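# Structural features, examined
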Amino acid sequence: TLEDVDMADGTNPGFSCSPCDLTSYPTVIAPQRSYEITVAYSPLAIGPADGQLLLKSDAGNVDNEYGIVSVDLSATYSGVPALVVDPPELNFGYVPFTAGQGGGSDTRNIKVMNQGTGNASLIVEFLYIRPGTDFSIPASFGDISPANPLYLPPYDENDPSTWIEVPVTFTPGSNQNHENSLTVQAHAGDETGSVEVSTLLSGSSLGPPRIQVNPTE
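Report follows, based on the coordinates. (Residues numbered from 1 in each chain as written. Predicted model: local features only at pLDDT ≥ 70, side-chain atom pairs only at ≥ 80, totals over all residues. Heavy atoms only, no water.)

### What about the overall build of the protein chain?
In terms of regular secondary structure, the protein chain is built from zero helices and 16 strands. Taken over the C-alpha trace, the protein chain has a radius of gyration of 30 Å; the compact-globule value for 217 residues is 17 Å, which it surpasses by more than 25%. If you line up the protein chain on its principal axes, its C-alpha atoms span 115 × 35 × 30 Å. Of all 217 residues assigned to the protein chain, the portion counted as buried reaches 32%. In the protein chain, of all internal contacts separated by at least 6 residues, the share reaching a separation of at least 24 is 68%. For the protein chain, the accessible area works out to roughly 13500 Å², and carbon and sulfur atoms hold 49% of it. Side chains of the protein chain carry 6 positive and 26 negative charges; the gap between the two charge centres is 12 Å. (Helix = DSSP H or I, 4+ residues; strand = E, 2+ residues; numbered from the N terminus. Rg over C-alpha atoms; globule rule 2.2 N^0.38 Å. Buried < 20%, exposed > 50% of the residue type's maximum accessible area, 1.4 Å probe, protein only. Contact = heavy atoms within 4.5 Å. Areas by Shrake-Rupley, 256 points an atom, 1.4 Å probe, with all protein chains shown as cover. Lys, Arg positive; Asp, Glu negative; His and termini not counted. Charge placed at Lys NZ, Arg CZ, Asp CG, Glu CD.)

What follows is the structure, given as structure tokens:
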């Protein structure tokens, strides 16, 4: 006969069990049968948590006078990382290009951050721009992969090691409007899977017409 199931005094309030209400007990467990109790943990704060689940019964093999068996509970919560790429759109405006002479170039920075809660790191798996366009990033970012990820701690505006500064260069190779995206893929190290966040890149080499007269005399 299972007389009562409850949490011990001092157990972290993030732990709960079911069924643990008074109306569920006593209950009889027949020989060679089982009875399932579900224990859940919903963190209320960052850090470790512990406690005990107490089961009181009339079993003859319990080695204390109260008939109580305890199950130790422990868990830890380090927070939830969140991938943020700033700015969400980056417009280079006008960068000149002259057929046969080449064009100009402009470089601007994009910031990749972990703006989650607690102290959980964000695992960056990919950081790339689709090749074959007039936007580029340093080749070193191509080394980031699931086999060689980058661990990004929670963002601290006073600590440059907590974000990734990505220089994006726009070098037009033709007279037209240009668009692309910088994509970052990351995950939190659990079974929720990876997420992707992108910054839209745009620029134009379609500047105002300019007259050229040759020879000038």
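We are not done yet, so read on.
### Some thoughts on the environment of G173
Tracing the chain through its elements places G173 in the loop between β14 (163–170) and β15 (177–187). Classification of G173 as partly exposed rests on a relative accessible area of 48%. In the structure, G173 is positioned 77 residues away from P96 in sequence and 9.6 Å away in space, judged by C-alpha atoms. Every residue in contact with G173, bar those within four places of it in the chain, is listed here: F97, D134 and H178.

### Digging into the sheet that holds strand β5 (residues 68–77)
Here three strands make up an open sheet; going across it, the order is β1-β4-β5 and the pairing antiparallel. This sheet does not close on itself; its edge strands, each paired only once, are β1 (2–7) and β5. The sheet shows a mean angle of 15° between the axes of neighbouring strands, taken without regard to direction. Relative to strand β4 (residues 47–57), β1 runs antiparallel, the two being bridged by five bridges. Counterpart to M7 in the pairing with β4 is L53. (Pairing = 2+ DSSP bridges. Axes fitted to C-alpha atoms, helices over the stretch in contact; angles between N-to-C directions.)

### Focus on unusual backbone geometry
A negative phi holds for most residues other than glycine; trans holds for most peptide bonds. Going from S18 to P19, the amide bond is cis rather than trans, its omega being 0°. That bond from D86 to P87 is cis: its omega, 5°, falls within 30 degrees of zero. Its location among the elements puts P87 in the loop between β6 (83–86) and β7 (89–94). Phi is positive for Q32, close to 65°, though the residue is something other than glycine. As for its placement among the helices and strands, Q32 is situated in the loop between β2 (15–18) and β3 (38–41). On the accessibility criterion, Q32 (77% relative accessible area) is exposed.

### Re the nonpolar core
In this structure, V112, L127, V166 and V168 are the most contacted members of the largest nonpolar core, which totals 24 residues. For this core, the secondary structure elements donating two or more residues are β6, β7, β10 (106–114), β11 (122–129), β14 and β15. Ignoring any residue separated from it by four or fewer positions in sequence, one finds V112 in contact with L83, V84, V85, L127, L152, W163, I164, V166 and V184. Judged by nonpolar contacts, the second largest core, of 12 residues, contains L2, M7, I37 and A49. (Core = buried A, V, L, I, M, F, W, Y, C linked by side-chain atoms within 4.5 Å.)

### Here we look at the state of the cysteines
Scanning the model with the defined rule gives one disulfide in all. There is a disulfide in this structure between C17 and C20, and the S-S distance comes to 1.7 Å. Between C17 and C20 the sulfur-sulfur dihedral comes to about -125°; the bridge is accordingly left-handed. Overall, C20 belongs to the buried group, its relative accessible area being 17%. (Disulfide = S-S within 2.5 Å.)

### Brief notes about the sheet that holds β7
Read across the open sheet, the five strands follow the order β7-β16-β15-β11-β13; overall the sheet is mixed. A single partner strand is all that each edge strand has here, and the edge strands are β7 and β13 (150–152). Each strand axis lies, on average, 30° off the axis of its neighbour in the sheet, ignoring direction. Of the strand pairs in this sheet, β15 and strand β16 (residues 195–204) are connected by 10 bridges, and their pairing is antiparallel. Residue Q185 lies in a different strand from β16, and its bridge partner there is E196.

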